[in-house]
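Listed below, chain by chain, are the residues.
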Amino acid sequence: SRTKLFMALRRIVYCQRKLKLALIGQSLFGQEVYSNLRKEGHKIVGVFTVPDKNGQADPLALSAEKDGTPVFKFSRWRVKGKSIQEVVEAYRSVGAELNVLPFCTQFIPMDVIDFPKHGSIIYHPSILPRHRGASAINWTLIQGDKKAGFTVFWADDGLDTGPILLQQECDIKPNDTVDDLYNRFLFPEGVKAMVEAVQLIADGKAPQVPQPEEGATYEGIQKKENAQISWDQPAAALHNWIRGHDKVPGAWTIINDQVVTFYGSSLFDGSVPSGQPLAIEGATKPGLVTKNGLVLFGNDGKMLLVRNLQFEDGKMIPASKYFAAGETSAIELTEEEKKMAEDIKSIWVGILTNVPVIEDSTDFFKSGASSMHVVRMIEEIKQKYSGLQLHNEDVYMATKFADFIQMLVRRLRGEDKEEELIVDYVSKTVNNMTVKMPYQCFINGQFMDAEDGKTYDTINPTDGSIIAKVSYASVEDVDKAVAAAKDAFENGEWGKMNARERGRLMYRLADLMEKQQEELATIETIDSGAVYTLALKTHVGMSVQTFRYFAGWCDKIQGSTIPINHARPNHNLTFTKKEPIGVCAIVIPWNYPLMMLAWKSAACLAAGNTLVLKPAQVTPLTALKFAELSAEAGFPKGVINILPGSGGLVGQRLSEHPDIRKLGFTGSTPIGKQIMKRNKQKQVSAYCFLLTQGMGAVYFNKGENCIAAGRLFVEESIHDEFVKRVVEEIQKMKIGDPLDRSTDHGPQNHKAHLEKLLEYCETGVKEGATLVYGGRQVCRPGFFMEPTVFTDVEDHMYIAQEESFGPVMVISKFKDGDVEGVLQRANNTEYGLASGVFTRDINKALYVSEKLEAGTVFINTYNKTDVAAPFGGFKQSGFGKDLGEEALHEYLRTKAVTVEY
């Protein structure tokens, strides 16, 4: 039956109509169309292309000659508007049924276009009728179009005016260049579309839709002479002009009496950075050579950043090195490096076949190489030296062989690391040090203002003063950050990086966090009110441990093999693979700002995902400092994005965004429920601030602790003594400046939370609970709350059912020995994050731990968390786990693969 099915499928395939085709054109694109048409079973009866250039055949000609397909190389098809008869006759001799023109720079006469039975089809890289003409991709970007695309159309006697056969479009990203569009969409999807179009014609299903004249445009060919930059334009127009000529023909200007071409433009959102002024002919304001490149100004006062400059002699340099150009001296090569240079030379010889000897002065491009040869060279080098990270840009930066080898050696030695990113800080001298705090959104490896320029104040809870004005991210910022994370995951270096290298970056980040732990702890203290010693040990210390723990997991993520029944006589193998999910959104709370960031993001990154993280609106500063450290550690752009701002705005957009594959959330239960409703198809891990009752550490971190013991059940026989001792210990606590090393109890995180705690205490008194101690605001500046103790708390009372999330101890009695009764009362809640039991009877302790409905049970200890132990709740205290191996699996998906052999 298997053989019959196979034969039936073969009959279906061969029943599809196949055509005899003539391919007219050139380039790597033409080569791919040719190869794919042959794979589909069409017969290529002739390839008509351009003559060899500098002794090198066009890629289309090379493939066709290799396959034995007739190849014709004509320099022209007509003279003075008339067809060259011998050329036309040579064409007619192949007997094509359809002409396919994937990319053609020659004028083809109409007696060739109309000759085949089915006529001719042409690929054009724009959404016709817009941007007719030979520079369609350039003009798509120059004019700031939001969409790009291509058209396959039927050739007629007009210029790109024939009926449309099919069209496809794609979104244009803010910093896309001509090369970006071509490589990401126009090339790969265009090849598929040409093959699809031919099959539609073969099947008699190809449409012919007349082009509308409305919206039609025609622009001239962009050449070097008409690509000069006109400076009296807004920044966005300048950016579009530069990227619309990147890489060909290259937008240029005059600097110091010589032509300089600009590459790698991006819009720059932020305050004016420091840099060295550079006068530019025709510009009303000098540019600034900064650490990240050349900052330029539009006539609207906005900025753009250019990363690379090319001089008249063809040499390209990073724009940041303009004033240092020519200062780099040659380095001596080791014997191993000399061997590598010989290997590279053999690759150049294979590509530059027209050059008899490769010398130090041999220029790759002046020897006849083109952009397609750049791709080939890089791929061949990567095959030979897999650990070497190379990009197309590197070849343009070092076009001569000696310069190219020097660049490779510096890369291998780690001497060409990127310059540090541009960071605007708010600096404060506090805690015997000067802390430098970024305050802008961190998107795609850059700090930038919010799209609409909005900011908000982040407040020091110790005295109510303003620490900084922080960027208030908008929906547009969310979209930019998600797009950057998606691109980093799908196309960037991160997705191609091996697991061990990923772990190395995480270890490096942990080292940097440890190196700057005192600054991080100080920022955490002034932004959240955490006591400094606690911030140093727990907030920062455990964050470092978390990153180190998960860094070790990166190269240990494994699938499994599964025995399944064999379909004899064949054998079967099923195995599973663990794969990263994609772009993850993470929303964290304000009680442990840095530690919660680490708990969520470390597992996420170790699994190979990218992330967009929203810190709590009231505590954004350590997250932004973390972003700076991640860049210093070498994380590729787009892998980590940080968006300070409103949960209702940023958090909601993240929860709704179609490109977010998982949302990790720590926050209140009502917000968690809203997120779940909006994300039925999206993976969500949610943890709530509410928890089951416990017996310890009520006042740890001012009670702002998701596993704080919100309610204590104390046996009657020890109740009164226990309460007495609690009050005695509270009276010994020092309340004050959290930066003071002797302080035990700092301010609550923010004013609204303090007011909520005071209201909570008032409710407890009204319901009849006994306020033994505290319940008031401390009489001093800032948001300080007295440690509070309630007794005689009945199960029906509000303070028994809802946690305070503050320094409030809620005590209820239970009869001596009534284990079953207290268990029933303890479990009579919809929450179950953590619990604890204190007893000298180990059998009783284990019994109670088994019966308590909570994700964590502490026995004779409390708050004893560790990065290797899973952490998460039951019931409405959330699902999914942080920390430990289980957290890693939250950010992985399992794929089953079955093979028959």
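Keep in mind that what you see is a predicted model, and the values were worked out from it rather than measured.

## What about the confidence of the model for the protein?
Thinking step 1. In the predicted model, the protein carries a mean pLDDT of 85, and the fraction of residues at 70 or more is 90%.
Thinking step 2. Under a pLDDT of 50 for its full length, residues 1-15 has, in the predicted model, 3 contacts with residues more than four places off or in other chains.
Thinking step 3. The low-confidence segment residues 680-697, where pLDDT is below 50, has 107 contacts with residues more than four positions distant or belonging to other chains.

## Remarks on the pairing of strand 6 (residues 98-101)
Thinking step 1. Because side chains alternate across strand 6, one face comprises the buried residues Leu-98 and Val-100, and the other comprises Asn-99 and Leu-101, equally buried.
Thinking step 2. As paired elements, strand 1 (residues 20-24) and strand 6 share 3 bridges and run parallel to each other. In the strand pairing of strand 6, Leu-21 is matched with Leu-98.
Thinking step 3. Looking at chain direction, strand 6 and strand 7 (residues 120-124) are connected through 3 bridges and run parallel. Residue pairing for strand 7: Asn-99 is matched across the bridge by Ser-120.

## Section: the side chain of Arg-132
Thinking step 1. On the secondary structure map, Arg-132 appears in the loop between strand 7 and helix 6 (136-142).
Thinking step 2. Among the polar contacts listed, one links the side chain of Arg-132 to the backbone oxygen of Asp-160, at a separation of 3.3 Å.

## Focus: helix 18 (residues 593-606)
Thinking step 1. With 14 residues, helix 18 should cover 20 Å at 1.5 Å per step; its first-to-last C-alpha distance of 20 Å lies within 8% of that length.
Thinking step 2. Counted residue by residue, helix 18 has 14 buried out of 14 residues, so it is predominantly covered.
Thinking step 3. Following helix 18 by one or two positions, Gly-608 adopts a phi angle in the positive range, close to 100°.

## As for the sheet that holds strand 7
Thinking step 1. Taken together, 7 strands build an open sheet; the order of strands is 3-2-1-6-7-8-9 and the sheet is mixed. Of all strands in the sheet, those with a lone pairing partner are strand 3 (71-73) and strand 9 (164-171), marking the two edges. Pairwise comparison of adjacent strand axes, ignoring direction, gives a mean angle of 15° for this sheet.
Thinking step 2. Those strands touched by helix 3 (residues 59-67) are strand 1, strand 2 (43-49) and strand 3, and its axis lies near 150° from that of strand 3.

## A short note on the nonpolar core
Thinking step 1. Counting residues in hydrophobic clusters, the biggest one holds 84 residues, and the most contacted among them are Met-506, Met-513, Phe-547, Leu-605 and Phe-635.
Thinking step 2. Ranked by residue count, the leading element in this core is helix 18, at 11 residues.
Thinking step 3. Taken domain by domain, this core gets at least three of its residues from each of domain 4 (435-675) and domain 5 (685-877).
Thinking step 4. Setting aside residues up to four positions removed in sequence, Leu-605 forms contacts with Trp-494, Arg-502, Met-506, Phe-547, Leu-611, Phe-635, Val-639 and Ile-640.

## Things to note about the UniProt feature "binding site: (6R)-10-formyltetrahydrofolate" (unreviewed entry) in the protein
Thinking step 1. Listed under "binding site: (6R)-10-formyltetrahydrofolate" (unreviewed entry) in the UniProt record, and renumbered for this structure, are Gln-106, Phe-107, Ile-108 and Asp-160. Spanning 55 residues, the named residues nonetheless gather at one spot, since no C-alpha pair among them exceeds 13.6 Å.
Thinking step 2. Given a relative accessible area of 13%, Ile-108 falls into the buried group.
Thinking step 3. Dropping the residues within four chain positions of it, Ile-108 is found in contact with Ile-24, Trp-77, Leu-101 and Ile-113.
Thinking step 4. Tracing the backbone through its elements, the reader meets Asp-160 in the loop between strand 8 (147-154) and strand 9.
Thinking step 5. Overall, the relative accessible area of 12% leaves Asp-160 in the buried class.
Thinking step 6. Those residues within four positions of Asp-160 in sequence are excluded, and the remaining contacts are His-124, Leu-128, Arg-132, Gly-133, Phe-153 and Gln-211.

## A look at the packing of aromatic side chains
Thinking step 1. Scanning all chains against the criterion turns up 28 aromatic pairs.
Thinking step 2. Look at Phe-442 and Phe-447: their rings are 4.8 Å apart centre to centre, the planes differ by 55°, and that puts the pair in the tilted class.
Thinking step 3. Cluster of aromatic residues (ring-pair linked, three or more members): Phe-29, Tyr-123, Phe-150, Tyr-182, Phe-185 and Phe-187.
Thinking step 4. The residue whose ring lies beneath Lys-247 is Tyr-396, and the NZ or CZ to ring-centre distance is 5.3 Å.

Parameters at a glance
- Numbering of residues begins from 1 in every chain and follows the order in which that chain's sequence is written.
- Per-residue local features are limited, in this predicted model, to residues with pLDDT of at least 70; the limit for side-chain atom pairs, both in listing and counting, is 80 or more; totals at the level of whole chains, interfaces and linings are taken over all residues.
- The basis for the side-chain values is all heavy atoms of the structure; hydrogens and waters are excluded.
- Every residue gets a pLDDT, meaning the predictor's confidence in that residue, from 0 to 100.
- Contact definition: two residues touch when any of their heavy atoms are within 4.5 Å.
- Burial classification: accessible surface area is computed with a 1.4 Å probe over protein chains only, and a residue below 20% of its type maximum counts as buried, one above 50% as exposed, and the rest as partly exposed.
- Strands here are runs of E lasting at least two residues and helices are runs of H or I lasting at least four, both read from the DSSP assignment and numbered beginning at the N terminus.
- When DSSP finds two or more bridges between two strands, those strands count as paired.
- Think of a polar contact as two N or O atoms within 3.5 Å of one another; within protein, one of them needs to be a possible hydrogen donor and the other a possible acceptor, and neighboring residues in sequence only count if both atoms come from side chains.
- Given a helix with a known number of residues, its expected span is that number minus one, times 1.5 Å.
- The axes are straight lines fitted to the C-alpha atoms, using for helices just the contacting stretch, and the angles between their N-to-C directions are given from 0 to 180°.
- We call a set of buried residues a nonpolar core when its members are Ala, Val, Leu, Ile, Met, Phe, Trp, Tyr or Cys and they connect through side-chain atoms within 4.5 Å of each other.
- Throughout the structure description, domain borders are defined by an automatic or database domain assignment.
- UniProt positions are given in the numbering used here, feature names are shortened, and annotations may be inferred rather than shown by experiment.
- A pair of Phe, Tyr and Trp rings is counted when the ring centres sit within 6.5 Å of each other, with Trp represented by its six-membered ring. The angle between the planes then sorts it: under 30 degrees is stacked, over 60 is edge-to-face, the rest tilted.
- Sitting over a ring, as applied to charges here, requires NZ of Lys or CZ of Arg to be within 6 Å of the ring centre and within 35 degrees of the ring normal.

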